[in-house]
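These are the residues of each chain, in order.
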Amino acid sequence: MLTTVIATSGFLARKYVDKDEKSKKKIKTGLAVLLNISVSIAIILTNKWLYTVVGFPNMTLTLMHFMTTFICLHVCQAFGVFSVKKVPMTSMIPLALCFCGFVVVTNLSLENNSVGTYQVAKVMTTPCVLLIQYYCYGKFASKATILTVIPIIIGVVLCFIYDIKFNLIGTVYAIMGVVVTSFYQVLVGEKQKELQLNSMQLLYYQAPMSAVILILPVATCEPVLELAYRSWTFMELVPVVCSCLIAFTVNFSIYWIIGSTSALTYNMAGHLKFCLTVAAGFFLFQDPMSANQLFGLILTLAGVVAYSHVRS
């Protein structure tokens, strides 16, 4: 009788502990998703404000992001969040160059387009990645996957055609951003497999290398001395510092979500970010939106959700 009571008590205790652990994991995952959504929207809106209101140079801000990210990663490494793995530096050069192009060009797209158009254009990365994987690596997508891409393409085209703030230079930057981002994403996947690195280990190398690459373009093409001698107000400095710290937090939260759950959970969180970012741009920056553009946005979102469902 006593043995039965002890066994039952042990079973109930283990069940309670397992339930408690699952609850804690759900809370941590929820916090990670909430953090990622918040900082992803915050970085877009903060950068947009710095470009349009403060007039902060694009590449200079990107260089500051890279430097801050490396410093924060060094602190994380010191506290044992991840370990540094030695790799040949020459193998990281193509990735660092792509990283520079990816961040700079997407920021130029944000600077020259409405927040809604910028966000919608980024969705075209999905079909572009599929094309690169097919032509460069011989990877075939299923018919179901290709069908989900069709509404994405139509939706993006509608958003650009009916964008009241449409401009040629913004469209060029958006297209360049999609192409460079797609190549960067494919290259990241290949390098992670080749070098057996996780995303934080990869970022630890590519952030400082990308910063070094940007030093010469920043020094020759942007008004660095003018920025140094400018009379900065507190309300101008705070967003600059916040933008640098948020840039690191975005990368850290992505690693946290995918590490704790899966890439699918991260993509689902992306759908919510998509809607909230467009809505925030509409309300904060008074980005106009026609009925046709709204229809294109809904069509794009439907395609993205269908794509995630098929890929799962």
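Our subject is the structure listed above.
Predicted model, so just to flag it, every value in this text is computed and none were measured. (Residues numbered from 1 in each chain as written. Predicted model: local features only at pLDDT ≥ 70, side-chain atom pairs only at ≥ 80, totals over all residues. Heavy atoms only, no water.)

### Describing the packing of aromatic side chains
Okay, step 1: If you walk through the whole model with that rule in mind, you get nine aromatic pairs.
Okay, step 2: Centre to centre, the rings of Phe102 and Tyr184 are 4.8 Å apart; their planes meet at 10°, and the pair counts as stacked. With Phe102 in helix H3 (residues 93–112) and Tyr184 in helix H7 (residues 168–195), the pair connects residues that are 82 residues apart, well separated along the chain.
Okay, step 3: Each residue in the set Phe66, Phe99, Phe102 and Tyr184 is aromatic and connected to the rest through ring pairs, giving one cluster.
Okay, step 4: A cation sits over an aromatic face here: Arg230 above Trp232, 4.4 Å from the ring centre. (Phe/Tyr/Trp six-rings, centres within 6.5 Å; stacked < 30°, edge-to-face > 60°. Helix = DSSP H or I, 4+ residues; strand = E, 2+ residues; numbered from the N terminus. Lys NZ or Arg CZ within 6 Å of the ring centre and 35° of its normal.)

### Regarding H7
Okay, step 1: Its 28 residues give H7 an end-to-end C-alpha distance of 40 Å, which sits within 8% of 40 Å, the value for a rise of 1.5 Å per residue.
Okay, step 2: Where H7 terminates, the next one or two residues include Gln196, which has phi positive at roughly 55°. (Expected span 1.5 Å × (residues − 1).)

### Focus on the layout of surface pockets
Okay, step 1: The volume enclosed by the second largest pocket comes to roughly 190 Å³.
Okay, step 2: With four residues, the top contributor of residues to the lining of the second largest pocket is helix H5 (residues 125–137).
Okay, step 3: When the residues that make up the lining of the second largest pocket are grouped by side-chain class, the tally is nine nonpolar, no polar and one charged. (1 Å grid on protein atoms, 1.4 Å probe; cavity = no way out; pocket = protein on both sides within 12 Å on 5 of 7 lines; lining within 4 Å. Points joined across faces, edges and corners; volume = space filled by probe spheres on them. Nonpolar A, V, L, I, M, F, W, Y, C, P; charged D, E, K, R; others polar.)

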